[in-house]
Amino acid sequence: MLSLYLSKRFRQSKQKTGFVSLLSKASTLGVMLGVAVLIIALSVINGFEQQLEERLLSVVPQVSYQAPYDPIDDWQAKVALLNQHPRIVAAAPEINLTAMVQFKGQLKAAQLKGVQPSIHTEVSSVSRYIQGGNLDELVPGSLILGNRIAERLNVNVGDKVTLLVANKHAEQPLAAPKRMSTTLIGVVKMGGPIDESIALVNLADLQSALGLKPSQTTGLRAKVQDVFDAHQIAMTAGSRLPDLVYVNSWFRTQGSLYQDIQMVRTIVFLVVFLIIAVASFNIVSSMVMEVKEKQANIAILKTMGAKDRTIFATFAMQGVGYALIGALFGTVIGVLLAINLPDLFNAIFSQSGSNPLAGVYFVEFLPSKLVWSDILITLGVTFILAVLASVYPAWQATKTEPASVLGNS
């Protein structure tokens, strides 16, 4: 208690020179900014990871099986077989191919998917992002397009749209593609590249275009319990299928994006950690000068019977106090900004009309998610650095010789 009282008195002392006071305040300010920046940066990265899982990975196939040659027969039985796997939530048939969307002489390439609307909602949340209609209305002869495809072709809900699909059963390799006449019933407005590529039709339309039976499909997709273990689940579940299939998971198509997020997290943590470390070790210089300034006080305390451990604890607490004050204010600022960051981002760029995230990432807003464990780790690291930075000045304070100091004063 004596050390804590002395530390508080020294910190409130008006005898500090302006330069020593400036150094201590600069150290506290540096810690505050470092902690605030680290909390905000980690919250944004956590937000992107959350949106990757909740938005993008809920729409793209988490696990898929594609037939390389012969179609998959009796897809109903194969779906039931996949559903028996303990780590698969649901499975559904799907036909994937590249097609051209034609409207009034304009063409746009699209990733065409034939789906069974009644069960597709169990493996994909794309229905949440459909505007103008819903997935249940996707009957044979209807079409749902990505929003950016519709904008580029200037097509509206209710318009007749032609799909050009490669004729794989033609005798000549350069045969004219098959033409499918459809009616646009809705658009997918999710944000990001998916709006520029996705096109959905009823499974029966593509089965007819490819010459398949109603019980045949070229692919299966599944939704899994743990998306970050999707590849392992895909391999174990795929071994149950009797058909020859290519096994894929979202790691093949979107894995680089996930790895980029993790790499950015590591880089940001290291860079901001170094900023906090530099600010914390600025405490060393400010505390060394303060010890020198307080030599007369230390000498008096020693003559009054204060022990070395009391002197050591006094200055160690003072150095840690500077860092903890900065960390406390930095945490408050970082948490407040992280909570309101999406609204601040929208307020800034909604007025300017230019969104730097539009069409680039899978979201067109700046996500943020506070993870309290990140805050605790940040505060813990800051505290350890502050303790290490305070050891040397506090040890130097114990080496003060009362006789030499008081004799020269």
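Residues numbered from 1 in each chain as written. Predicted model: local features only at pLDDT ≥ 70, side-chain atom pairs only at ≥ 80, totals over all residues. Heavy atoms only, no water.

In the annotation of an unreviewed UniProt entry, the entry for the protein chain reads Lipoprotein-releasing system transmembrane subunit LolC, and the organism field reads Pseudoalteromonas citrea. Its UniProt record gives the protein chain a comment under Sequence similarities (unreviewed entry), which states: "Belongs to the ABC-4 integral membrane protein family. LolC/E subfamily." (UniProt positions renumbered as here; feature names shortened; annotations may be inferred.)

(A) Main features of the overall build of the protein chain. Helix and strand counts for the protein chain come out as twelve helices and ten strands. With 409 residues in all, the protein chain has 48% of them scored as buried. Taking all contacts inside the protein chain whose residues are at least 6 apart in sequence as the whole, residues at least 24 apart take part in 81%. Surface summary for the protein chain: the accessible area is close to 20,200 Å², and the carbon and sulfur share equals 60%. (Helix = DSSP H or I, 4+ residues; strand = E, 2+ residues; numbered from the N terminus. Buried < 20%, exposed > 50% of the residue type's maximum accessible area, 1.4 Å probe, protein only. Contact = heavy atoms within 4.5 Å. Areas by Shrake-Rupley, 256 points an atom, 1.4 Å probe, with all protein chains shown as cover.)

(B) Up close: the pattern of salt bridges. Within the structure shown, the criterion is met by six salt bridges. Between Glu94 and Arg221 there is a salt bridge, with its nearest N and O atoms 2.9 Å apart. Residue Glu94 is located in strand E2 (residues 88-103), and its partner Arg221 is located in strand E9 (residues 219-224); the two are separated by 127 residues in the primary sequence. Its relative accessible area of 1% is what places Glu94 among the buried residues. For Arg221, a relative accessible area of 1% translates into the label buried. Two residues, Glu196 and Arg148, come together in a salt bridge whose shortest N-O distance is 3.9 Å. Within this pair, whereas Glu196 is found in the loop between strand E7 (178-188) and strand E8 (198-202), its partner Arg148 is found in helix H5 (residues 147-153), the two being separated by 48 residues in sequence. (Salt bridge = Lys/Arg side-chain N within 4 Å of Asp/Glu carboxyl O.)

(C) A look at the pairing of strand E1 (residues 63-66). The alternating pattern of E1 places Val63 and Tyr65 and Ser64 and Gln66 on opposite faces, both of which are buried. Looking at chain direction, E1 and E9 are connected through four bridges and run antiparallel. Counterpart to Gln66 in the pairing with E9 is Gly219. Here E1 pairs with strand E10 (residues 246-249) via four bridges, running antiparallel. The residue of E10 that forms the bridge with Ser64 is Asn248. (Pairing = 2+ DSSP bridges.)

(D) Geometry of the UniProt feature "transmembrane region" (unreviewed entry) in the protein chain. Using the residue numbers shown here, the UniProt feature "transmembrane region" (unreviewed entry) corresponds to residues 20-45, 267-289, 310-338 and 375-395. In residues 267-289, the share of helix is 100% and the share of strand is 0%. The end C-alpha atoms are 34 Å apart. When the span residues 375-395 is considered, its composition is 100% helix and 0% strand, and the gap between its end C-alpha atoms is 30 Å.

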